[in-house]
Amino acid sequence: MKKTERIIGAEAVVRSLLAEGVDIAYGYPGGAIMPIYDELFKYQDQLHHVLTRHEQGATHAAQGYARTSGKVGVALATSGPGATNLITGIADAQIDSTPMVCITGQVASHLLGTDAFQETDVISISSPITKWNVQVTKAEDIPGAIAKAFYIAKSGRPGPVLIDITKDAQLAELDYAYEKCTHVRSYKPVPETNIEKVKEAATLINAAKKPMIIFGQGVILGAAEQEFKAFVEKTGIPSAWTILGLSALPTNHALNVGMVGMHGNYGPNKLTNECDLLIAIGMRFDDRVTGDLSKYAKQAKVIHFDIDPSEIDKNVKTDVAVLGDSKDTLAKILEFVQPKEHTSWLHEFRAFDNIEFEKVIDGQLNPTKEGLTMGEVLQGINKATDNDAVIVSDVGQHQMMAVRYANFTHTRSNVTSGGLGTMGFALPASIGAKMGAPERDVVAIIGDGGYQMTCQELGTILQTGTAVKIVVLNNEFLGMVRQWQQLFFDKRYASTEMINPDFVKLAEAYSIPAKKVVKREDLQGAIDEMIACKTSYFLEVMVEKEDNVFPMVPTGASVSDVRLS
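Residues numbered from 1 in each chain as written. Predicted model: local features only at pLDDT ≥ 70, side-chain atom pairs only at ≥ 80, totals over all residues. Heavy atoms only, no water.

1. Digging into the overall build of the protein
(1) Moving on: Counting its secondary structure elements, the protein contains 23 helices and 20 strands.
(2) Moving on: In terms of overall dimensions, the protein is globule-like: its C-alpha atoms have a radius of gyration of 24 Å, near the 24 Å expected for 565 residues.
(3) Moving on: Summarising its shape, the C-alpha atoms of the protein cover approximately 70 × 60 × 40 Å along the three principal directions.
(4) Moving on: Out of the 565 residues in the protein, the part that is buried amounts to 59%.
(5) Moving on: Taking all contacts inside the protein whose residues are at least 6 apart in sequence as the whole, residues at least 24 apart take part in 77%.
(6) Moving on: Total accessible area on the protein stands at roughly 22000 Å², and carbon and sulfur atoms take up 51% of it.
(7) Moving on: Counting 54 positive and 68 negative side-chain charges, the protein places the centres of these two groups 4 Å from one another. (Helix = DSSP H or I, 4+ residues; strand = E, 2+ residues; numbered from the N terminus. Rg over C-alpha atoms; globule rule 2.2 N^0.38 Å. Buried < 20%, exposed > 50% of the residue type's maximum accessible area, 1.4 Å probe, protein only. Contact = heavy atoms within 4.5 Å. Areas by Shrake-Rupley, 256 points an atom, 1.4 Å probe, with all protein chains shown as cover. Lys, Arg positive; Asp, Glu negative; His and termini not counted. Charge placed at Lys NZ, Arg CZ, Asp CG, Glu CD.)

Dropping the structure here:
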């Protein structure tokens, strides 16, 4: 039997976090979680707490940390509004499969259900958007709840977990001992791989004339980048990525054919409906990827590699499903696939690339118009960082430009809000991303709209000294909504034009070096100065007000109907 110590519940929380290897937590104190914060103060040499300026910022920072480090992010908040302010970040983590443990304080157990001051039923609120949640009302249940939370958050398909702890449980004593969780009854995080299904998939791959891979974040979450690269190179199959799959394979790899989906590249969208075999790896056939499902890859056989059985046949009918962890399943199938080169098929992708370059990309990277484009800003960042930065993008036109024009050579380099599309994500997420990968340049790409949703987190940068590079691409519009209004609502720009503050003065108020660029001749020098700066840096770039993101698959259209203008 493990030796125990007599301590209070709040200390048990902190010591349990330390036992799970947590060294950074993000949060905001308040009455119902004050005992835990008191213990954090005592353990501050071992567990660094980052005071964000809003609880939503804490969740996004925890997400950014998890995405670059591969560890579980941790966020803390008090009861009531503190807990409800976590909800957007929790929902974002759930849909993007980000491992996160959120701990909320709660009113004393005898007050539950009485509408006490700052009481909110956060368990009911968060149930649909967490992988698991629990309310703890007894101190002795705290270590077990935290152990279970970390196991569930990081095992199988990762996700967010919430633990709500009443104040009396934080203050009561318990005989403390900690044991990590390695099993939960009825929970099987990684399904057993059926080798016969692996062989069936290999047979289809070996027979295919025009196979195509779409890879998602499951490759990264499974730490399967090397196995995936070996699989791609042995089979010679053109491989396209979802937004969250970006950086699992270097962007300059000979078999990387670009992004699929609404603003994806021309070739992979067009050829989705011409391939004879579609191989989905660690992706979920989101509607932004597939467009009109009734016209999606109907000519192709479909192989789906995934760790989550609920994704199989959910949106796209699968011919062969290979369940299991991607690192294991890709290693297994490598034995059965034949070495091949699909030279003429790959050439079809490159032919579409040439069309897209001429009609779209060249205008972004080598513009003839006076106004700056978002594409050339990203190109400048690629140059200044030697294609090696972590790019944290917010949500909107600039996000699509960032994932289209940023170049990546290492995995875990693309951090963005994929499934939920949370404006305001990037600034706090970039703080966590930098703390998760302190040796790397971290550049936040943000629009003028989303920036103002969480710009209070400049205070977190001021207090922590985190050397994040912030780039606001300012077109004085909610750009993505404006694009839709232009194309589909006869240019009725309803509530999308922005009157913005002086962003440079705002940054300087937080002691962050700042510069504004209006002219092309000043752009690269400003980017180089930003990257060379040892501290945080803010760069505002005024870009074309009515520039649009193309290609584009209109909502409800087939991916074959992708537009170049």
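2. Some words on the sheet that holds strand β9 (residues 211–215)
(1) Moving on: Judged by pairing direction, the sheet is parallel, and its 6 strands sit side by side in the order β11-β10-β9-β12-β13-β14 without closing on themselves. At either end of the open sheet lies a strand with only one pairing partner, and these are β11 (256–259) and β14 (320–323). Pairs of neighbouring strands in the sheet enclose a mean axial angle of 20°, with direction left out of account.
(2) Moving on: As paired strands, strand β10 (residues 239–241) and β11 are joined by 3 bridges and run parallel to one another. From the neighbouring strand, Ser239 faces β11, where its bridge partner is Asn256.
(3) Moving on: Against the sheet, helix α15 (residues 343–365) engages β9 and β11, with an angle of about 40° to β11. (Pairing = 2+ DSSP bridges. Axes fitted to C-alpha atoms, helices over the stretch in contact; angles between N-to-C directions.)

3. Considerations on helix α5 (residues 87–95)
(1) Moving on: For α5, the set of buried residues is Ile87, Gly89, Ile90, Ala91, Asp92 and Ala93.
(2) Moving on: Where α5 is buried, its residues meet α3 (55–69), α4 (81–84), β5 (100–106), α6 (122–126) and β7 (160–166).
(3) Moving on: Just downstream of α5, Ser97 is the residue with a positive phi angle, here 55°.

4. Structural notes on unusual backbone geometry
(1) Moving on: At the junction of Phe550 and Pro551, the peptide bond is cis and its omega measures out at 0° in the coordinates.
(2) Moving on: Mapped onto the elements of the fold, Pro551 is located in the segment after β20 (537–542).
(3) Moving on: In the Ramachandran plot, Ser97 falls in the positive-phi region, its phi being about 55° despite a non-glycine side chain.
(4) Moving on: Inspection of the secondary structure puts Ser97 in the loop between α5 and β5.
(5) Moving on: A positive phi angle, near 60°, is found at Lys491, a position not held by glycine.
(6) Moving on: Classification of Lys491 as exposed rests on a relative accessible area of 54%.

5. What about the nonpolar core?
(1) Moving on: Residues Leu278, Val471 and Val541 are the most contacted members of the largest nonpolar core, which totals 92 residues.
(2) Moving on: Broken down by element, this core gets its largest block of residues, 7 residues, from α15.
(3) Moving on: Looking at this core, you find at least three residues from each of domain 2 (195–349) and domain 3 (370–542).
(4) Moving on: Each residue touching Leu278, except ones within four places of it in the same chain, is listed here: Met212, Ile214, Phe285, Tyr296, Ala297, Ala300, Lys301, Val302 and Ile303.
(5) Moving on: Counting residues in each nonpolar core, the second largest holds 46 residues, with Ala91, Ile123, Val390 and Phe538 among its members. (Core = buried A, V, L, I, M, F, W, Y, C linked by side-chain atoms within 4.5 Å. Domains from an automatic or database assignment.)

6. Regarding the state of the cysteines
(1) Moving on: Scanning the model with the defined rule gives 0 disulfides in all.
(2) Moving on: Not engaged in a disulfide, the cysteine Cys181 finds its nearest cysteine sulfur in Cys102; these two sulfurs lie 18 Å apart. (Disulfide = S-S within 2.5 Å.)

7. A short note on the domain arrangement of the protein
(1) Moving on: Here the protein is partitioned into domain 1 (5–176), domain 2 (195–349) and domain 3 (370–542).
(2) Moving on: Between domain 1 and domain 2, the C-alpha centre-to-centre distance is 37 Å.
(3) Moving on: Listed as interface residues are 7 residues of domain 1 and, on the opposing side, 7 residues of domain 2.
(4) Moving on: Interface area, domain 1 with domain 2, both sides summed: about 630 Å², of which 53% is carbon and sulfur.
(5) Moving on: In this assembly, domain 1 and domain 2 are joined by 2 salt bridges.
(6) Moving on: Between Asp308 and Arg157 there is a salt bridge, with its nearest N and O atoms 2.8 Å apart.
(7) Moving on: Our enumeration of links across domain 1 and domain 2 arrives at 3 residue pairs in polar contact (both at pLDDT 80 or more).
(8) Moving on: Across the side of domain 1 that touches domain 2, the residue classes break down as 2 nonpolar, 2 polar and 3 charged. (Buried area = accessible area lost by both parts, 1.4 Å probe. Salt bridge = Lys/Arg side-chain N within 4 Å of Asp/Glu carboxyl O. Polar contact = N/O pair within 3.5 Å; in protein donor to acceptor, adjacent residues only side chain to side chain. Nonpolar A, V, L, I, M, F, W, Y, C, P; charged D, E, K, R; others polar.)

8. Remarks on the side chain of His253
(1) Moving on: Structurally, His253 is set in the loop between β10 and β11.
(2) Moving on: Among the polar contacts made by the side chain of His253, one reaches the side chain of Glu233 at a distance of 2.8 Å.
(3) Moving on: Among residues more than four places away in sequence, those in contact with His253 are Lys229, Val232, Glu233 and Arg350.

9. Focus on the packing of aromatic side chains
(1) Moving on: Going through the model one piece at a time under the given rule, you end up with 11 aromatic pairs.
(2) Moving on: Joined through ring pairs, the aromatic side chains of Tyr451, Phe503 and Phe538 make up one cluster.
(3) Moving on: A cation over a ring is seen here: Arg482 above Phe477, with NZ or CZ 5.7 Å from the ring centre. (Phe/Tyr/Trp six-rings, centres within 6.5 Å; stacked < 30°, edge-to-face > 60°. Lys NZ or Arg CZ within 6 Å of the ring centre and 35° of its normal.)

10. Some details on the pairing of strand β13 (residues 301–306)
(1) Moving on: Within β13, 5 of the 6 residues are buried, leaving the element largely enclosed by the surrounding structure.
(2) Moving on: Two elements, strand β12 (residues 277–281) and β13, share 5 bridges in a ladder whose sense is parallel. Within β13, the position partnered with Ile279 by the bridge is Ile303.
(3) Moving on: Where β13 meets β14, 4 bridges bridge the pair, whose relative direction is parallel. In the strand pairing of β14, Phe305 is matched with Val322.

11. So, the sheet that holds strand β19 (residues 514–517)
(1) Moving on: Sheet architecture is open: 6 strands sit in the order β16-β15-β17-β18-β20-β19, paired in parallel fashion. The open sheet has two edge strands with one neighbour each: β16 (414–416) and β19. Taking each pair of neighbouring strands and ignoring which way they run, the sheet shows an average axis angle of 20°.
(2) Moving on: Its contacts with the sheet place helix α16 (residues 374–385) against β15 (390–393), β17 (442–447), β18 (469–474) and β20, and it is angled at close to 165° to β18.
(3) Moving on: Across the face of the sheet, helix α18 (residues 426–436) comes into contact with β15, β17 and β18 while running at roughly 175° to β17.

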